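So the chains spell out like this:
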Amino acid sequence: MGADSPTMRGVCEGVLYRFLALKLQRFHFEIKSLDTFFLGYTAPMAKTLFEKMAILSDSAKYDVSCSSSGSDQKGASLGKSHASGICHSFSADGRCISLLKVLMTNACIYECAYCINRASNAIPRAAFTPRELADITIDFYKRNYIEGLFLSSGIVKSENHTMGLLLQTLEILRFEYGFGGYIHVKLIPGCDTELIEKVVALASRVSSNIELPSSHSLALLAPNKTKEKVMQPLRAARDISLHKTSAPIPMSTQLIVGATPESDFDILRLSSALYEKALLKRVYYSAYIPINDNALLPSTLTAPPLLREHRLYQADWLLRFYGFRAEELVDEATRKLDVDLDPKTFWALRHLEHFPVEINTAPKEVLVRIPGIGVRGALKILQARKFRALDHAMLSRLGVSLKRANYFITCKGVYQKEVPLREDHIRRALLGPKKLLQPSLFDWYQGMVGGEV
Ligand code: SF4
């Protein structure tokens, strides 16, 4: 889509949704009585597909655990993706839009304090039937509007009933239409393992949102959830995957940041454990957007902590690809990342005993720990120094960014900066007089794509 700027993304998103809306108005699906599906839910429901799509795609935007990057849907005739993965883009508020990202329903029997869809909120409600959703997905796919589906739902009637509706949609798409494309399905905490097994067999990716990073916060704000309950679908999917001969299904989760008092230390330790034990592919961090008035939550006037979310994504990247441990990145005493500095620089300044690093002799795992030098930069250095010893000018010519690295390296024994190797001096030199501002929702995305942190 080439939508690199927020403005461009906004325009693209607007055009896409307008286009989808116009097409929807032309469809004439038989709309069955919703009561047969959502027995017991009495609030007025949207009736037309247009209304439903408007409500249910909007309700889905609070879920960020939907990246489709790296998926490789081979062997299907319809929906086959390339090895580079299903391409994706991001809407103006940072959410993925290449998938049809939608809820089955935004009706819910539960009352999670932080959630827009909680039972007591007076919001417009809507629900698709599995048939409607499958038909729309295929129609949009064939018209090249979307490349796959991200499907989640509020909980209606019961966990099993809701999981059954999502499974039905999946089965229509896979068996009836032979759709082999990307489908990400949200597992419903508390549903039977038998249902999870069927979903895992058919989905491309599954996720289950842990949302709040501690049992204490769950008990306060989501009384129907416990740590065991929210972890249950992830554990079940992991165990099912481990017993299969094929590759394990990729799994992800979402943690809300800033709604409750858990520190970055708590959050990163939880993420680290999830990567190790639950075999998650990704943990997504979602800056809390205050929607509901609740004395236990930040006021509705509080800005979402986007800069904190951005730093957590950077730290997460270091956990997954740079060999850092959570305890290295966050000081147990301060328990939070430095919002002014990226997590690697924050770590380096607290561990100056490891610096300066000599570029011409350091192994790869040391090179990638130098602030400003990522995996690609380290590989370039390793390749180039096979032929000659490198100096600062050569590093620049190789495209290695020295803006931060210069304070932490020597080349042929030369430390180029006139700043003493001391935390306060380097910090001042790096930050200067300018105070870092809260980034836009898209700033973090650039860092994630580049991966150079
Ligand atoms: S169960 Fe899910 S949809 Fe329902 S209120 Fe809680 S977070 Fe919202």
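Residues numbered from 1 in each chain as written. Predicted model: local features only at pLDDT ≥ 70, side-chain atom pairs only at ≥ 80, totals over all residues. Heavy atoms only, no water.

**What about the site of the ligand?**
Right, so step 1: Cys 108, Tyr 110, Cys 112, Cys 115, Arg 118, Gly 154, Ile 155 and Lys 225 make up every residue found near the ligand.
Right, so step 2: A per-class count over the shell around the ligand returns 5 nonpolar, 1 polar and 2 charged. (Near = heavy atom within 4 Å. Nonpolar A, V, L, I, M, F, W, Y, C, P; charged D, E, K, R; others polar.)

**Describing the environment of Leu 221**
Right, so step 1: In this fold, Leu 221 is placed in helix H6 (residues 215–221).
Right, so step 2: Looking at Leu 221, the relative accessible area reads 2%, which means it is buried.
Right, so step 3: Expressed as a C-alpha distance, the spacing of Leu 221 and Ala 259, which sit 38 residues apart in the sequence, is 9.7 Å.
Right, so step 4: Sequence-distant contacts of Leu 221, defined by excluding residues within four places in its chain, comprise Glu 111, Cys 112, Ala 113, Tyr 114, Leu 212, Thr 260, Leu 296 and Leu 297. (Helix = DSSP H or I, 4+ residues; strand = E, 2+ residues; numbered from the N terminus. Buried < 20%, exposed > 50% of the residue type's maximum accessible area, 1.4 Å probe, protein only. Contact = heavy atoms within 4.5 Å.)

**Comments concerning the nonpolar core**
Right, so step 1: Of all hydrophobic cores here, the largest spans 121 residues; its most connected members are Ile 359 and Ile 370.
Right, so step 2: When near neighbours in sequence (up to four residues on either side) are disregarded, Ile 370 contacts Lys 344, Phe 355, Val 357, Ile 359, Ala 405, Phe 408 and Ile 409. (Core = buried A, V, L, I, M, F, W, Y, C linked by side-chain atoms within 4.5 Å.)

**Considerations on the confidence of the model for the protein**
Right, so step 1: On average, residues of the protein score 81 in pLDDT, and 77% of them are at 70 or above.
Right, so step 2: Note on residues 21–37: pLDDT under 50 across the span, and 30 contacts to partners over four residues away in sequence or across chains. (pLDDT = per-residue confidence, 0-100.)

**Details of the pattern of salt bridges**
Right, so step 1: Scanning all chains against the criterion turns up 16 salt bridges.
Right, so step 2: Arg 143 is the salt-bridge partner of Asp 139, the closest N and O atoms lying 2.1 Å from each other.
Right, so step 3: The partner of Asp 331 in a salt bridge is Arg 350, and the shortest N-O contact between them spans 3.7 Å. Taken together, the residues Asp 331 in the loop between helix H10 (326–329) and helix H11 (343–350) and Arg 350 in helix H11 connect sequence positions 19 residues apart.
Right, so step 4: Three or more residues joined by partner-sharing salt bridges are found here, namely Arg 131, Asp 135 and Glu 176. (Salt bridge = Lys/Arg side-chain N within 4 Å of Asp/Glu carboxyl O.)

**Let's talk about the environment of Ala 60**
Right, so step 1: Position of Ala 60 relative to the elements: it lies in the loop between helix H2 (49–59) and strand E1 (99–103).
Right, so step 2: Counting along the chain gives 43 residues from Ala 60 to Leu 103, while the straight-line C-alpha distance between them is 5.7 Å.
Right, so step 3: Apart from residues lying up to four places away in sequence, Ala 60 is in contact with Lys 101, Val 102 and Leu 103.

**Things to note about the sheet that holds strand E5 (residues 251–257)**
Right, so step 1: As summarised here, the arrangement of the 6 strands in space is E1-E2-E3-E4-E5-E6, forming an open sheet in which the pairing is parallel. Each edge of the open sheet carries a strand with a single partner, namely E1 and strand E6 (282–287). Across the sheet, the mean angle separating the axes of adjacent strands is 20° when strand polarity is ignored.
Right, so step 2: Packing against the sheet, helix H3 (residues 130–142) makes contact with E1 and strand E2 (148–152), and its axis sits at approximately 160° to E1. (Pairing = 2+ DSSP bridges. Axes fitted to C-alpha atoms, helices over the stretch in contact; angles between N-to-C directions.)

**Focus: H3**
Right, so step 1: Its 13 residues give H3 an end-to-end C-alpha distance of 18 Å, which sits within 8% of 18 Å, the value for a rise of 1.5 Å per residue.
Right, so step 2: Summarising burial for H3: 10 of the 13 residues are buried, a large majority.
Right, so step 3: Within H3, the full set of buried residues consists of Pro 130, Glu 132, Leu 133, Ala 134, Asp 135, Ile 136, Thr 137, Ile 138, Phe 140 and Tyr 141.
Right, so step 4: In the stretch just after H3, Asn 144 is the one whose phi turns positive, near 70°. (Expected span 1.5 Å × (residues − 1).)

**Some words on unusual backbone geometry**
Right, so step 1: Each neighbour pair has its own omega, and for Phe 355 with Pro 356 the value is 0°, a cis peptide bond.
Right, so step 2: Mapped onto the elements of the fold, Pro 356 is located in the loop between H11 and strand E7 (357–358).
Right, so step 3: One non-glycine residue, Asn 144, adopts positive backbone phi at about 70°.
Right, so step 4: By secondary structure assignment, the location of Asn 144 is in the loop between H3 and E2.
Right, so step 5: Asn 144 gets classed as exposed once you look at its relative accessible area, which sits at 65%.
Right, so step 6: In this structure, Arg 335 takes a positive phi of about 65° despite not being glycine.
Right, so step 7: By the secondary structure assignment, Arg 335 is in the loop between H10 and H11.

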